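# Summary of structural features
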Amino acid sequence: TVTGLLSTTTTGGVGSTTTFGTTTAGSMNVTSTGAVSQTGTISTGGATFSAAGQAINLTTNGATNNFTGTVNLTGATTQITDVNALTLGTLATGALTVGSTGALNLGQGTVTGNLVANSGGSGNTQSGNLPGTGTRGMTATGKSLTLHQAANGRQDNGKHAGRARRGTARRRQG
C-alpha cells in the first residue's frame, strides 16, 4: 500500500514481465520493457502503464480492480477490467479489450487492432479521436453509445449494442 505515487521502471527486456500482486496506491506510473500483468487486485487513482510494445493484461483479478482516475495505456495487445466506472486517457495499443461495470470512457489515441468494449449496462463514451484498424465491438446494453468524433477512422464492421446518441452507432467513416 502506497498513499502517493507508485512509480516503477523495469528493464528486464523482452520476455520479462512486471507483475503486480494486490496493490493499493494513490496513483501509478509503470514503465516496463516486458509485459505487464497482475496476480492481485489493483486499486489506484490515475495510472499510466507503458509496456514498450509488449502485452498489458490487467484482467487476471480484474473483477475487483478499481481505477478511480484516468488510465493511460501504451503497449501491444492490452486488456483492462474495472469493478466500477473506467476512464481511459491516452491510448497507443494493439488490440484492446476493456470491461467495466459502470460508465466507460474510451479516451483518445490509437488502437491498431480490434477494440472490444463492454460497460456492463452503463454508457460508452470517448473523450477524443480514437482512430485505428480492426473491428470495433461495443456493448452498453440499454444505455448510450456516444462516439461522435469525426476523426475516429473506425471501420464500423464491429457490433454495437446500446442506444446511439449524437449520430448513429453504426457509421462508416471515410
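Residues numbered from 1 in each chain as written. Predicted model: local features only at pLDDT ≥ 70, side-chain atom pairs only at ≥ 80, totals over all residues. Heavy atoms only, no water.

## Remarks on the overall build of the protein chain
We apply this condition: Secondary structure elements follow DSSP: runs of H or I no shorter than four residues count as helices, runs of E no shorter than two count as strands, and numbering proceeds from the N terminus. Between buried and exposed lies partly exposed: a residue is buried under 20% and exposed over 50% of the maximum accessible area for its type, with that area taken using a 1.4 Å probe on protein chains only. Whether two residues are in contact is decided by their heavy atoms: any pair within 4.5 Å suffices. Per-residue accessibility takes into account occlusion by the displayed protein chains alone, with areas from the Shrake-Rupley method and a 1.4 Å probe.
Of the regular secondary structure elements, the protein chain holds zero helices and 18 strands. Buried positions account for 45% of the 174 residues belonging to the protein chain. Across the protein chain, contacts joining residues at least 24 apart in sequence account for 7% of those joining residues at least 6 apart. As displayed, the protein chain offers around 7,400 Å² of accessible surface, 50% of which is attributable to carbon and sulfur atoms.

## Some points on the pairing of strand 12 (residues 96-100)
A regular strand places its side chains on the two faces of the sheet in alternate fashion. Just so we agree on the cut-off: Only strands that DSSP links by at least two bridges are regarded as paired with each other.
For strand 12, the tally of buried residues reaches four of five residues, placing the bulk of the element in the interior. With five bridges connecting them, strand 10 (residues 78-82) and strand 12 associate as parallel partners. Its bridge partner lying in strand 12, D82 is registered against S100. Where strand 12 meets strand 15 (residues 115-118), four bridges bridge the pair, whose relative direction is parallel. Each bridged residue has a counterpart across the sheet, and for T97 the counterpart in strand 15 is V116.

## Describing the pairing of strand 9 (residues 70-74)
Across the two faces of strand 9 the burial differs, with V71 and L73 buried and T70, N72 and T74 not buried at all. With four bridges connecting them, strand 6 (residues 47-50) and strand 9 associate as parallel partners. Considered in strand 9, the bridge of F49 is made with L73. By the bridge criterion, four bridges tie strand 9 to strand 11 (residues 86-93) in an arrangement that is parallel.

## Some details on the side chain of D82
Selection criterion: Between N or O atoms, a polar contact is any pair within 3.5 Å; within protein, one atom must be a potential hydrogen donor and the other a potential acceptor, and residues adjacent in sequence are included only when both atoms are from side chains.
Mapped onto the elements of the fold, D82 is located in strand 10. Overall, D82 belongs to the buried group, its relative accessible area being 1%. At 2.6 Å, the side chain of D82 forms a polar contact with the backbone nitrogen of N84.

## Observations regarding the nonpolar core
Defined as follows: Take the buried residues of types Ala, Val, Leu, Ile, Met, Phe, Trp, Tyr and Cys, join any two whose side-chain atoms come within 4.5 Å, and each joined set is a nonpolar core.
With 29 residues, the main nonpolar core has F49, I80 and L88 as its most contacted residues. Within the residue set of this core, elements represented by two or more residues are strand 3 (23-32), strand 6, strand 7 (56-58), strand 9, strand 11, strand 12, strand 15 and strand 17 (136-146).

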